[in-house]
Amino acid sequence: MTTAPTLVTSDLDRTLIYSTAALALSMPDAQSPRLLCVETYEHKPLSYMTEAAAAGLAALARTATFVPTTTRTPEQYARVRLPGPAPRFAICANGGELLVDGEPDPHWRAVVRRRLAAECAPLAEVEERLVRTADPAWLLKRRTAADLFAYLVVDRPLLPEAWVKDLADWAAGRGWTVSLQGRKVYAVPGPLTKSAAAAEVARRTGAGRTLAAGDSLLDADLLLAADRAWRPGHGELADVGWSAPHVTALQTRGVAAGEEIIEAFTAAALS
Ligand SMILES: [Mg+2]
């Protein structure tokens, strides 16, 4: 039996934590789970987990190496106040930043930037395309994150599917990936992955088994690289029926899926 710690790398938004729009509380009101607010933005509550999920995560973080693994920038991640001990490692900016005790690791930052410069088109070229083609009729905000990738906040009902597909085709030819998540369209360099940063954390911690969870296209590589993984019944991966032999596709949607994922992590970490 191995004594190496289990490494749990999990996406946050719509995997462990949920905005009110993503909660999917389908049960009768009187049976809805109590919720814990884990993020406040501009003085208003923004993201939640169920109380049971919060307790489960705090316990999990004491038995396994829990690594929040998010496309959020370090600043956006800093707003999330997860229950349990502060994670030693956190993966932000889709793998572009590795926080160690809350501070970006300069070595990892340099490794990533070298790889991107060598392997895909520069951010400026993608930005130029976004500026030129995004229609103000549905474009709400245009942002770059950590000088690594770009995203748009859009009026989703007005966003033409064909525009997203055209962008994805154009981006693929330049080594970039496009992912649509809720009100955001992400354009991310192909080599900028959560799994590369997770492998770095595994190397540094001497991890044994690896577990992962995520809901979007940007999580697929993370799930594939793990020994076991879970995805919720909602999200970009569920929408396309994405699966892999070692990935459990849950039926549960919304915040209840977050609770189920934490239960599954705990059972797997203890087995
Ligand atoms: Mg997500």
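Residues numbered from 1 in each chain as written. Predicted model: local features only at pLDDT ≥ 70, side-chain atom pairs only at ≥ 80, totals over all residues.

1. Some remarks on the overall build of the protein chain
Scanning the protein chain from N- to C-terminus turns up nine helices and 15 strands. Here the C-alpha radius of gyration of the protein chain, 18 Å, is about what a compact globule of 271 residues would show, namely 18 Å. C-alpha atoms of the protein chain, sized along the principal axes, occupy 50 × 45 × 40 Å. Here the protein chain holds 271 residues, and the buried ones make up 42% of them. Considering only contacts in the protein chain between residues 6 or more positions apart, those separated by 24 or more positions represent 58%. (Helix = DSSP H or I, 4+ residues; strand = E, 2+ residues; numbered from the N terminus. Rg over C-alpha atoms; globule rule 2.2 N^0.38 Å. Buried ≥ 20, exposed ≤ 12 C-beta atoms within 10 Å, placed from the backbone. Contact = placed C-beta atoms within 7 Å.)

2. Some remarks on the domain arrangement of the protein chain
Considered domain by domain, the protein chain is made up of domain 1 (7–113 + 193–270) and domain 2 (121–189). Taking only C-alpha atoms, the centre of domain 1 and the centre of domain 2 are 23 Å apart. In terms of residue class, the side of domain 1 that touches domain 2 is made up of four nonpolar, five polar and two charged. (Domains from an automatic or database assignment. Nonpolar A, V, L, I, M, F, W, Y, C, P; charged D, E, K, R; others polar.)

3. Describing the sheet that holds strand β2 (residues 18–19)
The sheet built from three strands is open, its strands ordered β2-β4-β3 with antiparallel pairing. On the outer flanks of this sheet lie β2 and β3 (35–41), each paired with one strand and no other. Against the sheet, helix α1 (residues 51–63) engages β3 and β4 (44–50), with an angle of about 75 degrees to β4. Across the face of the sheet, helix α9 (residues 255–270) comes into contact with β2 and β4 while running at roughly 45 degrees to β4. (Pairing = 2+ DSSP bridges. Axes fitted to C-alpha atoms, helices over the stretch in contact; angles between N-to-C directions.)

4. Considering the pairing of strand β6 (residues 89–92)
Two faces make up the sheet, and in a regular strand the side chains alternate between them. Of the two faces of β6, the one carrying Phe89 and Ile91 and the one carrying Ala90 and Cys92 are both buried. Pairing between β6 and strand β7 (residues 97–100): four bridges, direction antiparallel. Counterpart to phenylalanine 89 in the pairing with β7 is valine 100. Here β6 hands over to β7 after four residues, with alanine 93 in that stretch at a positive phi of 50 degrees.

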